There are 2 protein chains.
Amino acid sequence: MYDEEGTEYIDCINNVAHVGHCHPLVVQAAHEQNQVLNTNSRYLHDNIVDYAQRLSETLPEKLCVFYFLNSGSEANDLALRLARQYTGHWDVVVLDHAYHGHLSSLIDISPYKFRDLDGQKEWVHVAPLPDTYRGPYREDHPNPAVAYASEVKRVVSSAQEKGRKIAAFFAESLPSVGGQIVPPAGYFPEVAEHVRRAGGVFVADEIQVGFGRVGRHFWAFQLQGEDFVPDIVTMGKSIGNGHPVACVATTQAVARAFEATGFGGSPVSCAVGLAVLDVLEKEQLQAHAASVGSFLMELLGQQKAKHPILGDIRGVGLFIGVDLIKDEATRMPATEEADYVVSRLKENHILLSTDGPGKNVLKFKPPMCFTLDNARLVVAKLDAILTGSHRLHQKVENPTGEDRCSKVLQTHATLGQCPHWGWRLRGILTGADNSVQQDVFPPS
Amino acid sequence: MYDEEGTEYIDCINNVAHVGHCHPLVVQAAHEQNQVLNTNSRYLHDNIVDYAQRLSETLPEKLCVFYFLNSGSEANDLALRLARQYTGHWDVVVLDHAYHGHLSSLIDISPYKFRDLDGQKEWVHVAPLPDTYRGPYREDHPNPAVAYASEVKRVVSSAQEKGRKIAAFFAESLPSVGGQIVPPAGYFPEVAEHVRRAGGVFVADEIQVGFGRVGRHFWAFQLQGEDFVPDIVTMGKSIGNGHPVACVATTQAVARAFEATGFGGSPVSCAVGLAVLDVLEKEQLQAHAASVGSFLMELLGQQKAKHPILGDIRGVGLFIGVDLIKDEATRMPATEEADYVVSRLKENHILLSTDGPGKNVLKFKPPMCFTLDNARLVVAKLDAILTGSHRLHQKVENPTGEDRCSKVLQTHATLGQCPHWGWRLRGILTGADNSVQQDVFPPS
């Protein structure tokens, strides 16, 4: 990416620009179709059929009915309607901290959102995030997949005891807003069994993570087991490389229960979608994501040995999370530190962002054309920033004189070396020479 | 429009292709921006600001905050969230037969949809359509605007008596699915007063009807009185000429109650939106819609004298409805006849469709470049079809022998002249020579 002055940035976060910002073949496909016909999908058009056909080739055979829409949010809303219509039930089980979109119906099923807004509806049930780093069942648990799935079973049973009926379990195949989580393999099939037994369907939200990003597979749900097939898969963002197009794939059984027309999708949207698939194949970006992702994981792993703030490096393909912690014993999220690292990286012309409930997980989900050199440069910059900031301190707002400084002194002994301790601290002290640098401001 | 064999069709219905299918300036604007940057609206970009600025110039000054989205449905969903957040209330008053979109939350406020699906929610209240042709207060009523607004007042009061609190009144500024209805002038201001007194806001849905279509004004709500200002205006479809872009405009007061980011809109969507506005201005399409619309209304009015099936010709600018009736006394919707006319027009390479609860209203909402010649041709074809079909008969399904034929004979005396009366009738008998043509099939 380039800013308005032409400065070049390395983009580590924009998964929407899936095959690369402004990929010429995708731009050309849009332009060609835009010149000929751009109308809604109530008219028959080959592009719509061709695109559905091509998508079906990437999915298990059972997922053979496609609805096109304009955004991932619209896709998840339709998934909800499909699930309810098919099952005759109303309730939804979601993972904690999940985010499924910005529509009314999706805020309701997004703990990440509804906790700040209208609160939890009686028809929404929240299961714990299958987080093996910070959740109740961790890397030392003999079978975290089964343990976390049992939590879903418990949530389902408890809902049923209240007379509620489960229409669907919704989950991102790799929970991103939850903190770049990789659920233990086998978790989804177990969950699906519990949910289907309760009469519900399994919805895999692949909007952020599908389309080859995980490298080993085309879809992230396939990490959960070769035979695992969700009842509904939603896709968006990446599939249009920035053009607003999204899709719901489902089974004939689910689709039969639903009669509706007039969705989004258009000859142009489908032309763009087809071009994105062409580029993915031609440039072998799925295999590329696997190799660059492994390399990046390896480089980050080497950094972990040097910087204790790097608590966990997890991910698959070009979906990677770097979990920053205060210390290994508590694994307390290093929130301010993560924020600081992101802003220092931006000064170094690298775009990265944070996620997770503690906003402490650096998330990598770059365009799929991200290179080995990009990976080397980003990790080198990250190393330099962490090396220059040995003493990461807590943010102190509105300090007023000596008293506060003593308090800071108590909790952060090394601050005693700071010659500016009457000053207000913004963010984190930096500098290998123990001096205070740009993050300390004079008292206001 | 052209079909796959290159046959030319006159498009009388595609209001999405607002400034004309594939308008070269709009296509070019999309292409230029697509080559440079197409990312989400979390990054600052001049196009987004410029577009909001240009839209604000078309609206009353109070409507000065803009949110961009990908579809009219997303816009209406956001309007609902804004209304609820601002008022602290939950309930919505809508017009009967209204359609506001295909999302869960919008099906709930669309009687056109929810009657077939999940039914009416307790927080939705339906007021009668202000239809002066077929509703309770007609053209002979001294003040239908006040009478229909009192119906809204009654609905609001009755909700309040049940302890419900009104967040918003939602209406299309010209109800389209309701049957191309033109509410009597002064109705909206009266309604707004009742709704605001109950603590709610007024939402004008301009997705199908705004952007110069009504000719006299840029926005259809402006037909309701120069001073009338809704609290929220939603736009979509036409504003992108087929590209998925939509918008919510609201007041600072409403926006202040709401904190949210991460909506749709992008440098490309806004470039397209700007190009559509440029074309509208440069080609003076609003004035064009006014003159072509008047001409078309006049031609249709002349037909009304010839064909008693034409019950009402109503509309403004290039938003016109032709209400087909069985007879003037009952004004019973001529549903099958309308369906027949539409399919005959299609055979004549003219695309038209029907709307309204009786599916008997021929709706004109063509691209704004629709010409005087297009109007002449369409009306001439309509005249020919109606002239060749004097005896419009009711659809008879699964007839079985003589008995049924006698019944048909009874209700449709002229059928006695038909030499094929043992046959199954599909649709309508045609032919000025009293013979039965393509709509009669042999018994199956």
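Residues numbered from 1 in each chain as written. Chains lettered and ligands numbered in written order. Predicted model: local features only at pLDDT ≥ 70, side-chain atom pairs only at ≥ 80, totals over all residues. Heavy atoms only, no water.

A. Structural detail: the relation of the copies chain A and chain B. Once turned by 180° and shifted 0.0 Å along the axis, chain A lies on chain B with an RMSD of 0.0 Å. As the rotation angle and translation indicate, the two copies are arranged about a two-fold axis. In this assembly the copies share their binding face: 100% of the residues contributing to the interface of chain A also contribute to that of chain B. (Least-squares fit on C-alpha atoms with pLDDT ≥ 70 in both. Contact = heavy atoms within 4.5 Å.)

B. Inspection of the interface of chain A and chain B at higher detail. On the side of chain B, 41 residues touch chain A, which itself brings 41 residues to the contact. Summed over both partners, the interface of chain A with chain B buries about 3,400 Å², with 54% contributed by carbon and sulfur atoms. Counting across the interface, chain A meets chain B through zero salt bridges. At the boundary of chain A with chain B, the tally comes to 10 residue pairs in polar contact (both at pLDDT 80 or more). When residues of the side of chain A that touches chain B are assigned to their parent elements, the largest contribution, seven residues, is made by helix α1 (residues 24–36) of chain A. (Buried area = accessible area lost by both parts, 1.4 Å probe. Salt bridge = Lys/Arg side-chain N within 4 Å of Asp/Glu carboxyl O. Polar contact = N/O pair within 3.5 Å; in protein donor to acceptor, adjacent residues only side chain to side chain. Helix = DSSP H or I, 4+ residues; strand = E, 2+ residues; numbered from the N terminus.)

C. Spotlight on helix α7 (residues 187–197) of chain B. All names here are of chain B. Every buried residue belonging to α7 is among Tyr187, Phe188, Val191, Ala192, His194 and Val195, and all of these are buried. Summarising the axial view, the buried residues of α7 lie within an arc of 165°, below the 170-degree limit, and thus occupy one face. Of the surrounding elements, those touching the buried residues of α7 are β3 (91–95), α6 (144–161), β5 (166–172) and β6 (201–205). Phi turns positive, to about 90°, at Gly199, one or two residues after α7. (Buried < 20%, exposed > 50% of the residue type's maximum accessible area, 1.4 Å probe, protein only. Arc of directions from axis to C-beta.)

D. Just the side chain of Glu206 of chain B, in detail. Residue and element names in this part refer to chain B. Along the chain, Glu206 turns up in the loop between β6 and β7 (232–235). Here the side chain of Glu206 touches Ser173 through a polar contact of 2.6 Å, side chain to side chain. With residues near it in sequence (within four places) discarded, Glu206 still touches Ser173, Trp219, Ala220, Phe221, Val233 and Thr234.

E. Layout of the sheet that holds strand β4 (residues 124–127) of chain B. All names here are of chain B. Strand order across the open sheet formed by seven strands is β2-β8-β7-β6-β5-β3-β4, with mixed pairing between neighbours. Each end of this open sheet is capped by a strand with a single partner; those strands are β2 (65–69) and β4. Averaged over all adjacent pairs, the angle separating strand axes in this sheet is 20°, with direction ignored. Note that β2 and strand β8 (residues 246–250) share five bridges and pair antiparallel. Looking at the pairing, Phe66 lines up with Ala249 of β8. Across the sheet, helix α3 (residues 72–87) touches β2, β3, β5, β6, β7 and β8, and the angle it forms with β8 is around 25°. (Pairing = 2+ DSSP bridges. Axes fitted to C-alpha atoms, helices over the stretch in contact; angles between N-to-C directions.)

F. Layout of the pattern of salt bridges. A full pass over the atoms with the stated rule returns 38 salt bridges over all chains. Here Glu336 of chain A ties to Lys326 of chain A by a salt bridge, and the two come within 3.5 Å at their closest N and O atoms. Placement of Glu336 of chain A in helix α11 (residues 335–347) and of Lys326 of chain A in the loop between β10 (319–324) and α11 is noted, with a sequence separation of 10 residues between them. When its relative accessible area of 27% is taken as the criterion, Glu336 of chain A is described as partly exposed. Of the residues examined, Lys326 of chain A reaches a relative accessible area of 32% and is grouped as partly exposed. Residue Arg164 of chain B pairs with Asp91 of chain B through a salt bridge whose shortest N-O separation is 2.7 Å. Here Asp91 of chain B lies in strand β3 and Arg164 of chain B lies in the loop between α6 and β5, a separation of 73 residues in the sequence. Several salt bridges converge on common partners, so that one network encompasses Arg134, Asp312, Arg314 and Asp323 of chain A.

G. Quick look at the packing of aromatic side chains. Tallied over the entire structure, the rule returns 26 aromatic pairs over all chains. A centroid spacing of 5.0 Å and a plane angle of 80° characterise the contact between Phe202 of chain A and Phe228 of chain A, whose relative ring orientation is edge-to-face. Highlighted residues: Phe202 of chain A in strand β6 (residues 201–205) and Phe228 of chain A in the loop between β6 and β7 (232–235), separated in sequence by 26 residues. A residue is classified by how much of its surface remains accessible, and Phe202 of chain A, at 0% relative accessible area, is buried. Geometry around Trp90 of chain B places Arg84 of chain B over its ring, the cationic atom sitting 3.6 Å from the centre. (Phe/Tyr/Trp six-rings, centres within 6.5 Å; stacked < 30°, edge-to-face > 60°. Lys NZ or Arg CZ within 6 Å of the ring centre and 35° of its normal.)

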